[in-house]
Amino acid sequence: MSTPLLRAVNIHKRFDTVEVLKGIDLTVEQGQVVSLIGASGSGKTTLLRCVNLLEEYQVGEIYLEQEQIGYRSQGGRRKRLREGLVSSQRARIGMVFQSYNLFPHMNAERNVMLGLTEVQGKPVAEARDIAQHWLDRVGLADRKDHYPYQLSGGQQQRVAIARAVAMEPKLMLFDEVTSALDPELVAEVLGVMQALAESGMTMLVVSHEMLFVREISSQVVYMDGGRIAAQGPPRELFGQPPERLQQFLGHFRGVLER
Amino acid sequence: MLDYNFNFSVIWRNADEFLTGLGLGLGMALISLLIGSVIGLLCAYGRTSRFAPLRALIWLYVEFVRNTPLLLLIFFVYFGLPEFGIFVFDKVESFILTLALYAGAYMTEIFRAGLNSIPKQYVEAAMAIGLTPIKRQTKVVLPVMFRITLPSLSNTLISLFKDTSLAAAIAVPELTFIARQVNTNTFRVIEAWLTASVLYLAAAYTIAIALRRLERRYAAIR
Amino acid sequence: MGEPGTFLYEAWIARYALLKGMAVTAEMSFIVIVIGTFIGLIGGLCLQYAVAPLRWLVRAYVDIMRGIPVLVLILFTFYGLSLFNISIPAFGAGVVALAAFCGAHMSEVVRGAISSIPYAQTEAAKALGLGFWKRFRFVILPQATRRMLPPAINTAVEIVKSTTLLSVIGVVELLLATQQTIARNYLVIQFYLAACVLYLIINFTISQLGALVERRFAYIKY
C-alpha cells in the first residue's frame, strides 16, 4: 500500500470542558472518497474543521502527504505553526461549507480568481482562464459575472466548489454542503461532487445524503459520541451495520430502500 | 523632560464648585431629555400624520437642528430671543431650552425608528381584542417602543450630559466653566482639566452602567 | 446693495470675513476627518484583532475620548500645551484635540463594521489559504467599508459641528467670524441664520459625497 494522503492520529479536541473528539484515527488514501456519517454532535464537522486547521485540537497529529500540518513538535511539546505556514498548508486543502460563504462583494469569477491570484500568485489572465474552466465544469460559465445574491443556493454552492477546486488542492473537504439547500437544488450540487470524485479527486465528505454516500464513497466512517464507531466500504457497512449504526440508518430507511 | 509640580490643593479648595457644576450639568441634561422626549414623541407621531405640511415642518426642524452646530444654536437662542422681544429666560433656562430643542430633533428620529420597528402583529392583536386606538398606543405600542428605544435613549442622555459643557460658552457655571475659571485664576492647568475630565468620565460611566441595568430589566421583547 | 444696516448690505461688507471663516471650518474639518479616519482604521483593527494589552490600551483611549466632552478636550489641549511652552497656535491645538476625538469615534465605527462581517467570511478566506492581511484587504475591508459608511458620515458631520468649539480658543472659524460680524452690525438673527445655512451647505455636501460613495458600494448585497 502506498503512503496515505491524509493521516489523522489520535485526535482529541475539547471545547472548554466538553470533549468532542475522543481519539480519532483516520486514513484517507490518494483518490479515495471517504464519507463521515453520524448524528449531529458526533464530531464529524469538528474533525473536518481540524483537518483544515480552522479548529485547534489539544492532542494528536494530522499529516498531509507525510508532512505534519498545523503544529510541530519541539522538545516534546507541540506548538501551533505560525499563521503564514498554516495558510500555505490550508492552500493545499480545499473546503466547501454548508452555507457556501461566497464573498458577497465579488462576482462568481472573482470569487474563483481570488485564491489563484493572491495565494498562488498567478497572473490575472491565467487566473481568469482557470476560473472560466472551472465555472464551466460546474455548469455556470454563463453566470461568471453574477454576484452571489443573484444566484440560487445550488448555484452559489457550485461556485464555492469551483473556488476550492480551482486551487488544485490535494484534498477536498465537504462540510454538509447540501444541508442548507432547497430539496430541488441538492441534485445539481451532488452531481458536481460525483463528477469530481470520478475524476480522481481525493475527498473527505460530511453528509446526511445516505444514498449519495453509499454511491460515491470508497470508505464510510460512522462517528458516534466523538469516536469512530464503525468504518468500512459502503457495501459492507450498509449491508451488515453494527447495532448503533443500524439505529442511525433507521432514520434514513425510506431513502436507502428506494 | 518637562517638569510640572502637581498641586491639587486648589482643587480641594474649589471642590464645592466643581461638584455643584457637575450637578448643574446633570440636572440640565436630565430636564432637556425629558422635554426633548415630549417633543420627540409628538414629532414622531406628527411624521405619521396625513397632513403633509406638518410632516414637512417636522422634517425641516429635524434636519435643521441635526445639521447645525449646537454652539451656534445656543448663541442663537441666547442672543436671538431678546431680539424678538423675549426676555423671560435666564442663562440656564435659555440653555435648557436650546438643549431640549436639540434633543427633540434627535429623539424624533429615535422614536420614529422605534415606532417603525414595532411588529405589526402587536397592533393587530391589540385591534383583535378590541382596544380603542388610544389604548392601542398607550397600552401596546408605547410600552414596546420604550423598550426598543431604551438603549438609544441612554446614549442620548450621555451625549446631552457631555453637551452641557457648551453652557460654559454663555457663562453658565457648570463643570467646564468652573474648570476654566480655576485654570485662569490659579494656573493649575493640568489639575483643573484633569479633575473636570475625571468627573465627566465618572458621571458618564455611572449613567451608562445604571442605564444598562435598566435596559436589562426591560430587555426588549424579541 | 441696499442701505447700511440692512442684511444684504452688511453681508456684502462681511463677505470676505465670512467666507474666510467658512474656509477655515472646511479646512479644519477636512484635516481632522482625514487624520481621524486614519487613526480609526488602526484603532478599529486593534480593537478587533490586537493582543490583549494593546487592545486594552486602545479601548481605554477610545472610551476616555468618548466619555469626555469635546470642549474639555479642546481646552485641556490648548491650555495644557501652552503650559509646556509648546508654542502651538490655537488652530494646531484644535487639530490635535479634534483628531484625537474623531479617531476614537472612527475606531468604534471601524470595529463595529468589522465585527458585523460574519465570521464565516473569514473562515472561507482562511480555507483558501489567504493570510491575515490579504483576508483583511480583499475580503473583510471591502464589506466592512460599506457598513461603516453611514456611521462614518454621521461622525464627519459631528466633527464639522464640533469645529465651532474652536471659537472658544480663538480660532476664527465660521462661528467666530459670524460673531465678529454681529459685533459690528448687531444683526443677530440674520447672521446666525446665515451661519446656519452655511453649515447646512457643508454638511449637506458631506452627506451627498457619502451617498455617492455608498452607491459605489451598493453592489454588495447579502
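As a reminder, the structure under discussion sits directly above these lines.
Residues numbered from 1 in each chain as written. Chains lettered and ligands numbered in written order. Predicted model: local features only at pLDDT ≥ 70, side-chain atom pairs only at ≥ 80, totals over all residues.

A. Looking closely at the packing of helix H2 (residues 15-49) of chain C against helix H7 (residues 132-162) of chain C. Residues and elements named next belong to chain C. It is the contact of H2 with H7, at a shortest axis distance of 9 Å, that shows an interaxial angle of 135°. By the criterion of interaxial angle, the relationship of H2 to H7 is oblique. For the pair H2 and H7, the sense of crossing is right-handed. Residues Thr25, Ser29, Val32, Ile33 and Gly36 of H2 form the contact with H7, whose own contacting residues are Ala156, Ile159 and Val160. Across the contact of H2 with H7, the residue classes tally to five nonpolar, three polar and no charged. (Axes fitted to C-alpha atoms, helices over the stretch in contact; angles between N-to-C directions. Helix = DSSP H or I, 4+ residues; strand = E, 2+ residues; numbered from the N terminus. Parallel < 35°, antiparallel > 145°, perpendicular 65-115°, else oblique. Left-handed = near helix turned anticlockwise from the far one by under 90°. Contact = placed C-beta atoms within 7 Å. Nonpolar A, V, L, I, M, F, W, Y, C, P; charged D, E, K, R; others polar.)

B. Representation of the interface of chain B and chain C. At the junction of the two partners, chain B supplies 29 residues and chain C supplies 26 residues. Mapped onto the side of chain B that touches chain C, the elements with two or more residues apiece are helix H4 (70-80), helix H8 (175-186) and helix H9 (189-217) of chain B. The element contributing the most residues to the side of chain B that touches chain C is H9(B), with nine residues. Grouping the amino acids of the side of chain B that touches chain C by side-chain chemistry returns 19 nonpolar, seven polar and three charged.

C. Just the interface of chain A and chain C, in detail. Contacts between chain A and chain C engage 22 residues on the former and 20 residues on the latter. Counting residues per element, the ones that place at least two in the side of chain A that touches chain C are helix H2 (83-90) and helix H3 (108-118) of chain A. Here the residues of the side of chain A that touches chain C sort into 11 nonpolar, eight polar and three charged.

D. Local environment of the pairing of strand E6 (residues 71-74) of chain A. Residues and elements named next belong to chain A. By the bridge criterion, four bridges tie E6 to strand E7 (residues 77-80) in an arrangement that is antiparallel. Each residue of the ladder has a partner; that of Ser73, found in E7, is Arg78. Taking the residues that link successive antiparallel strands as the turn, the E6-E7 hairpin has two residues, and the phi of Gly75 there is positive, at about 55°. (Pairing = 2+ DSSP bridges.)

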